[in-house]
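# Descriptive structure summary
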Amino acid sequence: MKLLLIGLALAQLVSPLLAAGESSEAAAPAGFSWSRTDTSLALRHNDRSVWRLVFDPAKPKSWFHPVYTVDGEVLTAFEPADHPWHRGLWWSWKLINGINYWEEDWRAFATPQSL
């Protein structure tokens, strides 16, 4: 749990890293490192993943998945069968800077039972 809390606290470093376009060699506390791709940024501790932030422009929203416990158990679910629009840990405020982070096109996930 301590590692998870540290990882989430370090999440505040994400925005400056993304905005500045810095490499994965950006400063991180001892034992921690960043792993960046074109669509994600991950925090690692001693070569174990803590969390991954996905910001893929092809996707409608950003999210954290997976988020791990200290023991390596995944805490987040990705598109579970009963809620395929839920992607890990995401921002649940409806509107941020005019972007709707809560709702997606409900028709994309409609089933005959839900209509």
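Scroll up to find the structure.
Residues numbered from 1 in each chain as written. Predicted model: local features only at pLDDT ≥ 70, side-chain atom pairs only at ≥ 80, totals over all residues. Heavy atoms only, no water.

### Observations concerning the pairing of strand 3 (residues 48-54)
We apply this condition: For two strands to be treated as a pair, DSSP must find at least two bridges joining them. Numbering of helices and strands runs from the N terminus; a helix is a DSSP stretch of H or I covering at least four residues, while a strand is a stretch of E covering at least two.
Bridge count for strand 2 (residues 40-45) against strand 3 is six bridges, and the pairing is antiparallel. Across the sheet, residue Ala 42 finds its bridge partner in strand 3, namely Arg 52. Joining the antiparallel neighbours strand 2 and strand 3 is a turn of two residues, in which Asn 46 adopts a positive phi near 50 degrees. As paired elements, strand 3 and strand 4 (residues 63-67) share three bridges and run antiparallel to each other. Note on strand 4: the bridge partner recorded for Trp 51 is Val 67.

### Thoughts on the environment of Val 54
For clarity, the cut-off: Whether a residue is buried, partly exposed or exposed follows from its accessible area with a 1.4 Å probe, protein chains only, as a fraction of its type maximum: under 20%, in between, or over 50%, in that order. Contacts: residue pairs with any heavy atoms within 4.5 Å of one another.
Its place among the elements puts Val 54 in strand 3. Taking relative accessible area as the criterion, Val 54 reaches 7% and is therefore assigned buried. Taking C-alpha positions, Val 54 is 9.4 Å from Asp 38, a pair spaced 16 residues apart along the chain. Those residues within four positions of Val 54 in sequence are excluded, and the remaining contacts are Thr 39, Ser 40, Lys 61, Ser 62, Trp 63 and His 65.

### Details of unusual backbone geometry
Glycine aside, a negative phi is what most residues show, and trans is what most peptide bonds show. In this structure, Pro 66 follows His 65 across a cis peptide bond, with omega equal to 0 degrees. Turning to its location among the elements, Pro 66 is positioned in strand 4. If you check the backbone angles, Glu 79 has positive phi at about 45 degrees while not being a glycine. One non-glycine residue, Asn 97, lies in positive phi territory at about 50 degrees. As for its placement among the helices and strands, Asn 97 is situated in the loop between strand 5 (95-96) and strand 6 (99-100).

### Some details on the sheet that holds strand 2
Note the following rule: Axis geometry follows a simple rule: fit a line to the C-alpha atoms, using only the stretch in contact for helices, then measure angles between N-to-C directions, giving values from 0 to 180 degrees.
One open sheet holds the four strands; their spatial order is 1-2-3-4, and the pairing between them is antiparallel. Of all the strands in the sheet, the pair left with one neighbour each is strand 1 (32-36) and strand 4. Here the strands of the sheet are splayed against their neighbours by 20 degrees on average, with no regard to which way each runs. Relative to strand 2, strand 1 is paired through five bridges, and the arrangement is antiparallel. Paired with Phe 32 across the two strands is His 45, which belongs to strand 2.

### Describing the side chain of His 65
Selection criterion: Whenever a nitrogen or oxygen atom comes within 3.5 Å of another N or O atom, the pair is scored as a polar contact, on the condition that within protein one atom can donate a hydrogen and the other can accept it, and that pairs from neighbouring residues in sequence are kept only if both atoms are in side chains.
Within the secondary structure, His 65 is located in strand 4. Within the structure, the side chain of His 65 is placed 2.6 Å from the side chain of Thr 76, a separation counted as a polar contact.

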